[in-house]
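Summary of structural features
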Amino acid sequence: LMNKYKAIFFDLDETIYSEFDYRMGAFRNTALWLQKNENIDFESVMKSIIDIIDSKGSLYRNIFQDIVNLYNLDSKMINQLIDVFRSYTPVIQPYPDFCEFIKKASDSYHLGIITEGIGYVQRKKIEALKLKSWIEDKAIIISDEFNPPTKKDNISLFIFASSIFNLPGKECIYIGDNPEKDFEQPYKLGWFTVRIHRGVYKEERGNNFINYDIDLYNNLSELLCL
């Protein structure tokens, strides 16, 4: 059954590596900047950030607004802090089981990435994760770099992805982590959709657009007989 598939595309954040690790590195970068430029103690800022994350969740959007208010900084500083956060050069590793999986899969499948996010930020992560040893540049699709820029729930991303390797959707697999926005579009195109239970969406309820659930990449290796 499973050898009819020819390409595997991955989401990036949480699917290939821990986004929490990336965000904490970027927050440390921001706290160092505040210590250097505003003379605010690094440890104090990190403690504040961790307290905010504990109470409001790791994807809370207004964290820099809260930091600016907490330390009585000019509200113009919010955009500056966002820029510093995004300028972080990440030090991140792919999940060990992802590395094992991709080594095996690279012999039998075309490989690609379909991710949402700011182009240059996602590119820096891809660089840090050394994914280009497995994935050709033409198969790295970032919604923000699409023309015009778009979001993950745009079906055109997936139509474009399968066209890169001249494949119909039914010969493609998509692996993601977010039940809300990763699976509906590829599923509609006949892709085989796989949800990995990791990161912030680990406990979220699934839906009918998910063909298969895994906790480990080894589960998928078994399914694909790798």
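The structure under discussion appears in the preceding block.
Reading the values: the criteria
- Residues numbered from 1 in each chain as written.
- Predicted model: local features only at pLDDT ≥ 70, side-chain atom pairs only at ≥ 80, totals over all residues.
- Heavy atoms only, no water.
- Helix = DSSP H or I, 4+ residues; strand = E, 2+ residues; numbered from the N terminus.
- Rg over C-alpha atoms; globule rule 2.2 N^0.38 Å.
- Buried < 20%, exposed > 50% of the residue type's maximum accessible area, 1.4 Å probe, protein only.
- Contact = heavy atoms within 4.5 Å.
- Areas by Shrake-Rupley, 256 points an atom, 1.4 Å probe, with all protein chains shown as cover.
- Lys, Arg positive; Asp, Glu negative; His and termini not counted.
- Charge placed at Lys NZ, Arg CZ, Asp CG, Glu CD.
- Core = buried A, V, L, I, M, F, W, Y, C linked by side-chain atoms within 4.5 Å.
- Axes fitted to C-alpha atoms, helices over the stretch in contact; angles between N-to-C directions.
- Parallel < 35°, antiparallel > 145°, perpendicular 65-115°, else oblique.
- Left-handed = near helix turned anticlockwise from the far one by under 90°.
- Nonpolar A, V, L, I, M, F, W, Y, C, P; charged D, E, K, R; others polar.
- Polar contact = N/O pair within 3.5 Å; in protein donor to acceptor, adjacent residues only side chain to side chain.

1. Describing the overall build of the chain
Helix and strand content of the chain: nine helices and six strands. Relative to the globule expectation of 17 Å for 226 residues, the C-alpha radius of gyration of the chain, 19 Å, shows essentially globular dimensions. Its C-alpha atoms put the chain at 60 × 35 × 35 Å along the principal axes. The 226 residues of the chain split such that 49% are buried. Counting only contacts in the chain whose residues sit at least 6 apart along the sequence, the fraction spanning at least 24 positions is 63%. In the structure as shown, the chain presents an accessible area of about 11500 Å², 48% of it carried by carbon and sulfur atoms. Each charge class in the chain was averaged separately, 27 positive and 33 negative side chains, and the resulting centres sit 3 Å apart.

2. Section: the nonpolar core
Among the nonpolar cores identified, the biggest contains 69 residues, and Ile-8, Phe-9, Phe-10, Phe-27, Phe-101, Ile-114 and Ile-175 are the most heavily contacted of them. With near-sequence residues (within four places) excluded, Phe-27 lies in contact with Met-46, Ile-49, Ile-53, Ile-63, Phe-64 and Phe-85.

3. Section: the packing of helix 3 (residues 63–70) against helix 4 (residues 77–86)
Each pair of packed helices gets described by two things: the angle between the helix axes and the distance between those axes. Following both chains from N to C, one finds helix 3 and helix 4 inclined at 125°, their axes separated by 9 Å at the closest point. It follows from the interaxial angle that helix 3 and helix 4 lie oblique. Seen from above, helix 3 lies across helix 4 with right-handed handedness. Note on element contacts: helix 4 touches helix 3 through Met-77, Ile-78, Leu-81, Ile-82 and Phe-85, opposite Phe-64, Gln-65, Ile-67 and Val-68. Along the lines of polarity and charge, the residues of the contact of helix 3 with helix 4 split into eight nonpolar, one polar and no charged.

4. Here we look at the environment of Leu-224
Within the fold, Leu-224 resides in the segment after helix 9 (217–223). Residues Leu-224 and Asn-3 lie 221 residues apart in sequence; the distance between their C-alpha atoms is 7.0 Å.

5. Quick notes on unusual backbone geometry
For the bond running from Asn-147 to Pro-148, omega is -5°, close enough to zero to count as cis. Mapped onto the elements of the fold, Pro-148 is located in the loop between strand 3 (140–142) and helix 7 (155–164). Residue Asn-39 is not a glycine yet carries a positive backbone phi of 60°. Looking at where Asn-39 falls in the secondary structure, it is placed in the loop between helix 1 (19–38) and helix 2 (42–56).

6. So, the environment of His-197
Locating His-197 in the fold gives a position in the loop between strand 5 (192–196) and strand 6 (212–214). Remark: the alpha-carbon pair of His-197 and Glu-14, spanning 183 residues in sequence, is separated by 9.1 Å. With sequence-adjacent residues up to four places away left out, His-197 is seen in contact with Lys-202, Asp-213, Ile-214 and Asp-215. In this structure the side chain of His-197 is engaged in a polar contact, spanning 3.1 Å, whose partner is the backbone oxygen of Lys-202. For His-197, the side chain forms a polar contact with the side chain of Asp-213, separated by 2.7 Å.

Scope: geometric values only; no functional claims are made or implied.
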